[in-house]
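A structural walkthrough
Each chain, letter by letter, is given below.
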Amino acid sequence: MTLKILNFSLIVFLVITTNIMANSLDDANKYYNNGNFLKAYELYQVMAEEGNAKAQLRIGIMQLGGEGVSKNLVEGIKWYEMAAKKNHTEAQLKLGLIYYSNNNSEDFKTSFKWFKKALENGEDTDRIKKVAIKVQPIKRSQVYS
């Protein structure tokens with residue numbers, strides 16, 4: 001009997017927590033879309049620190065763009081990487097593009113690692129292929145030196 005109550009309590013807790021996180025993300029997105037970047041950043045920050053990959057990506061975008069905070073490339077990339085490590089395809093794609101744009105062989109290797117992971121996720125493969133086509137051809141020696 002006690003085990004059934006404990007299991008039921010755990011299920012109720014998980015359902016409530018999931019709904020709160022979804023509502024918080026929706027709220028943060030509304031603030032962001034309405035241009036209230038400070039409030040959106042506050043909400044995303046809480047969720048990002050709790051491990052929400054979508055919020056981590058959004059924090060990275062806001063850091064890189066200076067939306068609600070000062071521009072900070074290092075912090076932006078840090079949040080992108082957190083989301084990308086959770087298999088967030090868009091974060092992986094954005095990281096690939098950032099590293100690709102640095103135009104050196106080590107960063108080319110890193111960029112292709114993220115592009116490959118994004119493709120492996122199997123999500124939005126058409127978009128990934130379009131990005132791959134736009135990326136300038138690179139000599140094999142630049143990637144595999």
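Presented here is a report on the structure given in the accompanying data block. Quick caveat: nothing in here was measured; it's all calculated off a predicted structure.

Here the focus is the overall build of the protein. Secondary structure summary: the protein contains eight helices and zero strands in total. Secondary structure elements in the protein, listed N-terminal to C-terminal, are α-α-α-α-α-α-α-α. Put simply, the protein has 145 residues, and 32% of those count as buried. Taking the intrachain contacts of the protein between residues at least 6 apart in sequence as the baseline, contacts between residues at least 24 apart amount to 43%.

Another aspect to go through is unusual backbone geometry. Even without a glycine there, the phi angle at Asn87 is positive, about 65 degrees. Among the structural elements, Asn87 can be located in the loop between helix H4 (73–85) and helix H5 (89–101). Overall, the relative accessible area of 45% leaves Asn87 in the partly exposed class.

The N-to-C vectors of H4 and H5 enclose an angle of 135 degrees; their axes lie 8 Å apart at closest approach. Relative to H5, the element H4 lies oblique. For the element pair H4 and H5, the recorded crossing hand is left-handed. In contact with Ile77, Tyr80, Glu81, Ala83 and Ala84 of H4, H5 contributes Ala91, Gln92, Lys94, Leu95, Ile98 and Tyr99. Residue composition of the contact of H4 with H5, grouped by class: eight nonpolar, one polar and two charged.

Another point: the packing of aromatic side chains. Following the criterion strictly, the structure yields three aromatic pairs and no others. Taking the centre distance of 5.3 Å and the plane angle of 45 degrees together, the rings of Tyr100 and Phe108 count as tilted. With a relative accessible area of 14%, Tyr100 lands in the buried category. Judged by its relative accessible area of 3%, Phe108 is buried. It is Arg58 that lies over the ring of Tyr32; its NZ or CZ is 4.2 Å from the centre.

So, about the nonpolar core. With 24 residues, the main nonpolar core has Tyr44 and Leu95 as its most contacted residues. Counting residues per element, the ones that place at least two in this core are helix H1 (2–33), helix H2 (37–49), helix H3 (53–65), H4 and H5. The element contributing the most residues to this core is H3, with six residues.

Cut-off values and rules
- Throughout this description, residue numbers start from 1 for each chain and increase along the sequence as written.
- Where totals are concerned, whole chains, interfaces and linings use all residues; where local detail is concerned, this predicted model gives features only for residues with pLDDT of at least 70, and gives and counts side-chain atom pairs only at 80 or more.
- Side-chain measures here rest on the full set of heavy atoms in the structure, leaving out hydrogens and waters.
- Numbering of helices and strands runs from the N terminus; a helix is a DSSP stretch of H or I covering at least four residues, while a strand is a stretch of E covering at least two.
- Summary of the burial criterion: residues with accessible area below 20% of their type's maximum are buried, those above 50% are exposed, and those between are partly exposed, where the area comes from a 1.4 Å probe applied to protein chains only.
- For this analysis, residues touch if any pair of their heavy atoms sits within 4.5 Å.
- Lines fitted to C-alpha atoms define the axes, with helix axes restricted to the stretch in contact, and inter-axis angles between N-to-C directions lie between 0 and 180 degrees.
- Here is the rule for angles: anything less than 35 degrees is roughly parallel, anything more than 145 is roughly antiparallel, 65 through 115 is roughly perpendicular, and the remaining ranges are oblique.
- Take the far helix as your reference; a near helix turned counterclockwise from it by less than a right angle gives a left-handed crossing, and one turned clockwise gives a right-handed crossing.
- Lys, Arg, Asp and Glu make up the charged group, whereas Ala, Val, Leu, Ile, Met, Phe, Trp, Tyr, Cys and Pro make up the nonpolar group; the residues left over, Gly among them, are polar.
- Any pair of Phe, Tyr and Trp rings, taking the six-membered ring for Trp, is counted once the centres come within 6.5 Å. Such a pair is stacked with planes under 30 degrees apart, edge-to-face with planes over 60 apart, and tilted for the rest.
- Throughout this description, the term charge over a ring refers to an Arg CZ or Lys NZ atom that lies within 6 Å of the ring centre and within 35 degrees of the ring normal.
- The definition of a nonpolar core used throughout is a set of buried Ala, Val, Leu, Ile, Met, Phe, Trp, Tyr and Cys residues joined through side-chain atoms within 4.5 Å.

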